[in-house]
Structures are given as structure tokens and as C-alpha cells.
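Given next are the chains, with one letter for each unit.
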Amino acid sequence: MPVQSPATFNYFPDYVVNLRGKVLRVVFPLILGRVEVPPPYEGVNNAKRGMWKTLFDEFLMPKFNFSYTMFLATGKGTGLELPNGTWVGTVGDVVADRADIAIITAMTDKRIKVVTFTNTFFDINYLNFITTEGTRVFSPAVLLWPFDVVMWSFIGASTVAAFLIFKLINKAMAASHVEVKNIPPNNPTWGMRRQVFFVLTSYLDQDCGGMPSFTPLRCFVALWLFFTLIITTVYRSKMVSFLAFPVMERLPLTFEQLVASDYEVGFLKHGDSAYNTLKASTDPVYVKLLNDMEIITGNGLECLERAVAKKYACIAYALATIYLKARNLSDSEIRKLVFAPETTYNIFMGLVLEAGSIYKESFDRWIGWTRPFHLADLWEANDMYYNVRLPKRAWWLATNQTDKLALSDTAGNDNLTLKHISGAFYTLTVCLAICAIVFIHEVISFHAKMTEKAGRLRRLFRNSDDQKLIMVVDTFKSQI
């Protein structure tokens, strides 16, 4: 003990809080999205970039007064128990005393039996899927979109009910022998055909010629026209918005919707834990998803590129996709990607220490401050922009790849084109076809009717000696 006053000398130094410049050995898996250290992993404070580098350099080192040297894990993974009971990966390096701390390692039942995890976590990872932005849908069926199936069903039922009520009132008034006075001479009889035409043409604001003379029918007509006024006004109002601003393609937002969609699915396989979890699931959604999806290994850039180019969904760890798009994709390609809000297989990562480590509580206490203040999210965004995205753009400029720097047209073109109103032309084509069929049917029916009439006349006078009548029949048939 030095000869000093107790007021100025600490006889009980806390070596758990102040590590007094000790160099900690930190092991990490090969996950470039979180930390990057250049080989041969020598030197002190040798991390190159990543949010975990910021955690150590700007947060933990000033608090605990230590330095570190980072190196890649044996096997490059997070931790795997071999059949002989030994471990490889970050967990194996801590167990074998090659490292003091392991990072980016998820907690599992087997791992917590050989190493110690901090209760508080710094990093969160999860599986989600990425699709491309929806395109505008141009379809002839847009004529039916202003109303849903239920609304169209009610309109159809109302039309049939209106016709039946119209017919019922008309028959009841006729059966009661009510004489109608002052009927205009040009007001035709309201027969079956005219009743049908009135009910249907009222939707198109067409006059079927005259109004009924019976007071009950006049009241019904007034109410029916008011009903059709409301329906047609709503239909026209919604049709304007559908034509001027076509609807966007509906994207799958959940795994259930993804399975039910026509999207191709790729699974970016980084390790086996997430894949094995999905494989062990008995949920019908994940069972079908596992049978249909394509397994993609490697860094996974091709998975994102497919999502940009076509109707393709890429299932991957969020940390991998965020890094890949910032490092490899252009701004226009990034804007096309849509991250689904639903996630699965959440992983929470803190620090891994040797079993029973006395440093656990101290690291727990200080790492616990990072999440409430969103420090991890801020450090990740800062790293992706300054350390990944900007160097990528600088390299593109240096290599004259300026085409990748072009901005996409986010405003779009809202001018009306043939695609917007294609439904009207399809409807016109169908109507012309129906009219042609009706015309041909009328001609054939009229010809058959006249031929039959001539045949009857010929049979009537077949045995007659009056040649003049026979000549009249032949002349009538030839004129037909």
C-alpha cells in the first residue's frame, strides 16, 4: 500500500468496471452487415466498420477503459457443436479460451450451457421478405371495380324486384278495370317488353317513351328513378378515379398472403438455424412455403436483384438485406424494394462471455442503455450511409458507372392512355358482336317465317286448277 491519504487513494479498485487498458480478444462471425475487420486481424481496435465497431469504440471502451482486437471465428460461424462434443464458431472460441468476448451470436439452449450471455441485448435480427413495388393495374374489369360483389348482387336483386313490382302493379290495375282518362294518343301500352326496357334503361338515363298513366305506377317510377340516380352517380364518381388514377397492384404483406399469391419465393440461407426452424414448423403456411421456395446461398445479392426485376419475394435476414441494398443496388433499384411489415424468427443478440464471467453484470448495465435511446438503430443507419453507400457511389463515379446513379421517375405519368379506358372498347366490341348475332338471328327467323308462309299457301292451292293463284304464290316466294 502506498503511503498516501485514504481520501486520495482507492484501496479497493473495481477491476470489473475499470479494466485499466486491458486488451480484450473479441471474436465475430463472417457477417459483413454488422462488422467488418480486414485480415490478418492484427492490431488494437482493428475493426474497420459496422455498428458493433461503434458500440465498442464510442460506447463500451470509454466506459470500461479497455482496448480490443477482433478476429474471425473458427469456421466463420456463430457456434456449432460437433459430434465429438467440441464447439466451433464464436462459441467454440470462447469455450477454448481463444476469445474473451463473442459478438453477433444468438442464444440457444445448447449454447447457454457452455457460455454466458448478457441479459440485455444490443442487436435484433429477424426474417422478413422483400418484394418490388406494385405496378398500376390496367384491366377491362375496371368497369366492375367501382362496386364489390355484394353491391352488384344487391343492384341485380333490386332490378329484378323493381321489374316484378312494376308488373304486379300493372296487372293489379288492369284486373281492377280502372279506367284511365285523358291518356295521350301517342302513349303506348306498357307491355312486358316496355317494362323491361324502362327498368334497364333508367340506369343509362334513357327515356323509354312516355310515362305510365296509373298513379301508383307514377309514384313507383319516381322512386325508382331516384334510386338509379344515386347508384349511377356513385358509379360515375368512382369510375373517374379508377380511370384517371388506376389502382396499384396489391402486394403480399404477410407470409400467408405471400403463399396465396403468384410470387416466386427465394430463401436466402445464411446458416441453418432459421431454415431448420421453418422446416420444423407444422403451420400450413410455413409448410407450403418451404415446399415452394428456392434456396439461395452465397451473399444473396441475386435474390434482391430478382425481387427488383420481377414478381419475386426474397426471404432473408433483415441485417443481410439492408447491407446488400446499401452496398450493391442503385438508388432507383432501392426505391423499388418493399419490405413486408410481418416478420418471423426474431433473434436478440448481446455479448457472449465465458461461463460464469464476473464481467456480465457490468456489460449488462451499460448495454441496457442502447435500446431505450435507439442507439443501435442510429449507429446502423450512420454506418450504412457513410461507410457503405457513399463509398459505393464514389467507386461508381471513379469507374464511370454513372448510369447506376440515375434517379428513377417517382412522379409517374398520369396522362390518360388507351390502357385506362380499354374496358370501354372491349365492351363496345362485345356489344357489336351481340348486335350482329341478333341481326343474323332476325334475318334467318324472318326468312324462315316467310318461307313457311309461302309453303302453306302453296300446299293450300296445290290441287287447285286455278293457275293464277299458283303463279301468285310462286311470285311471292321468289320475291322473298
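What counts and how
- Residues numbered from 1 in each chain as written.
- Predicted model: local features only at pLDDT ≥ 70, side-chain atom pairs only at ≥ 80, totals over all residues.
- Heavy atoms only, no water.
- Axes fitted to C-alpha atoms, helices over the stretch in contact; angles between N-to-C directions.
- Helix = DSSP H or I, 4+ residues; strand = E, 2+ residues; numbered from the N terminus.
- Parallel < 35°, antiparallel > 145°, perpendicular 65-115°, else oblique.
- Left-handed = near helix turned anticlockwise from the far one by under 90°.
- Contact = heavy atoms within 4.5 Å.
- Nonpolar A, V, L, I, M, F, W, Y, C, P; charged D, E, K, R; others polar.
- Polar contact = N/O pair within 3.5 Å; in protein donor to acceptor, adjacent residues only side chain to side chain.
- Disulfide = S-S within 2.5 Å.
- Buried < 20%, exposed > 50% of the residue type's maximum accessible area, 1.4 Å probe, protein only.
- Core = buried A, V, L, I, M, F, W, Y, C linked by side-chain atoms within 4.5 Å.
- pLDDT = per-residue confidence, 0-100.
- Pairing = 2+ DSSP bridges.
- Phe/Tyr/Trp six-rings, centres within 6.5 Å; stacked < 30°, edge-to-face > 60°.
- 1 Å grid on protein atoms, 1.4 Å probe; cavity = no way out; pocket = protein on both sides within 12 Å on 5 of 7 lines; lining within 4 Å.
- Points joined across faces, edges and corners; volume = space filled by probe spheres on them.
- Expected span 1.5 Å × (residues − 1).
- Bend = angle between axes of the 7 residues up to and from the residue.

Orientation of helix H1 (residues 51-64) relative to helix H12 (residues 360-367), taken along the N-to-C sense of each, is 135°, at an axis distance of 11 Å. Comparing their axes, H12 and H1 come out oblique. Crossing hand, H1 versus H12: right-handed. Between H1, through Phe59, Leu60, Lys63 and Phe64, and H12, the contact on the second element is made entirely by Ser362, Phe363, Trp366 and Ile367.

What follows concerns the packing of H1 against helix H13 (residues 375-398). Axis separation between H1 and H13 bottoms out at 9 Å; the angle between their running directions is 115°. When you trace H1 past H13, the crossing you get is right-handed. Facing H1, whose interface residues are Met51, Thr54, Leu55 and Phe59, H13 presents Leu375, Ala376, Trp379, Glu380 and Asp383. Across the contact of H1 with H13, the residue classes tally to six nonpolar, one polar and two charged.

Turning our eyes to something else, we now look at the side chain of Thr105. By the secondary structure assignment, Thr105 is in the loop between strand E5 (101-102) and strand E6 (115-117). A polar contact is formed between the side chain of Thr105 and the side chain of Thr90, at a distance of 2.8 Å. A polar contact of 3.2 Å, which involves the side chain of Thr105, links it to the backbone oxygen of Ile103. Ignoring any residue separated from it by four or fewer positions in sequence, one finds Thr105 in contact with Thr78, Thr90, Val91, Arg111, Phe117, Met349 and Val352.

Moving on, we get to the state of the cysteines. A full pass over the atoms with the stated rule returns one disulfide. Not engaged in a disulfide, the cysteine Cys431 finds its nearest cysteine sulfur in Cys435; these two sulfurs lie 6.5 Å apart. With relative accessibility at 38%, the residue Cys431 sits in the partly exposed group. Judged by its relative accessible area of 48%, Cys435 falls in the partly exposed class.

Okay, the nonpolar core next. Membership of the largest hydrophobic core comes to 70 residues, with the highest contact counts inside it found for Trp52, Phe56, Leu60, Met70 and Ile103. In this view, Trp52 contacts Arg34, Val35, Ile103, Ile104, Phe122, Asp123, Met349, Gly350 and Leu351; residues no more than four positions away in its chain are not counted. Residues Phe163, Phe166, Leu217 and Ile231 belong to the second largest nonpolar core, which totals 13 residues.

What follows concerns the confidence of the model for the chain. The pLDDT averaged across the chain works out to 83; a share of 82% of its residues lies at or above 70. Helix H15 (residues 467-479) is the least confidently modelled element of the chain, averaging 60 in pLDDT, while strand E2 (residues 66-72) averages 97, the highest of any element.

Take the sheet that holds E5 next. The sheet built from five strands is open, its strands ordered E2-E1-E5-E13-E6 with mixed pairing. On the outer flanks of this sheet lie E2 and E6, each paired with one strand and no other. When strand E1 (residues 22-28) meets E2, the two strands line up parallel, connected through seven bridges. Bridge pairing in E2 places Phe28 opposite Leu72. Sitting on the sheet, H1 touches E1, E2 and E5, and the angle it makes with E2 is about 150°.

Our next topic: the packing of aromatic side chains. Between two aromatic rings, the relevant description is the distance of the centres plus the angle of the planes. In total, this model carries 18 aromatic pairs according to the counting rule given. Ring geometry for Trp52 and Phe122: centres 4.9 Å apart, planes at 75°, overall edge-to-face. Here Trp52 is found in helix H1, whereas its partner Phe122 is found in the loop between E6 and strand E7 (123-132), with 70 residues between them in sequence. Taking 4.9 Å as the distance between ring centres and 90° as the angle between the ring planes, the aromatic pair formed by Tyr385 and Tyr386 counts as edge-to-face. Aromatic ring contacts, followed pair by pair, group Trp52, Phe59, Phe122 and Trp379 into a single cluster.

Attention now goes to the layout of surface pockets. Within this model, the largest pocket holds a volume of roughly 1,200 Å³. Around the largest pocket, the lining comprises 41 residues; the ones closest to its centre are Ile31, Gly77, Thr78, His270 and Gly271. Counting residues per element, the ones that place at least two in the lining of the largest pocket are strand E3 (80-81), strand E4 (87-88), helix H7 (273-280), helix H10 (318-328) and strand E12 (344-349). Ranked by the residues each element gives to the lining of the largest pocket, the list is headed by H10, at six residues. The residue makeup of the lining of the largest pocket, split by class, is 18 nonpolar, 17 polar and six charged.

With that settled, consider H1. Compared with the 20 Å implied by 1.5 Å per residue over 14 residues, the 18 Å span of H1 between its first and last C-alpha is a close match. Residue Asp57 marks the point of greatest curvature in H1, where the axis turns by about 30°. All of the buried residues in H1 are Met51, Trp52, Thr54, Leu55, Phe56, Phe59, Leu60, Met61 and Phe64.

Attention now moves to the environment of Lys404. Position of Lys404 among the secondary structure elements: in the loop between H13 and helix H14 (422-460). Lys404 sits in the partly exposed class, given a relative accessible area of 33%. Residues Lys404 and Arg393 lie eleven residues apart in sequence; the distance between their C-alpha atoms is 8.8 Å. Excluding anything up to four places from it in sequence, Lys404 contacts Ser330, Asp331 and Trp396.

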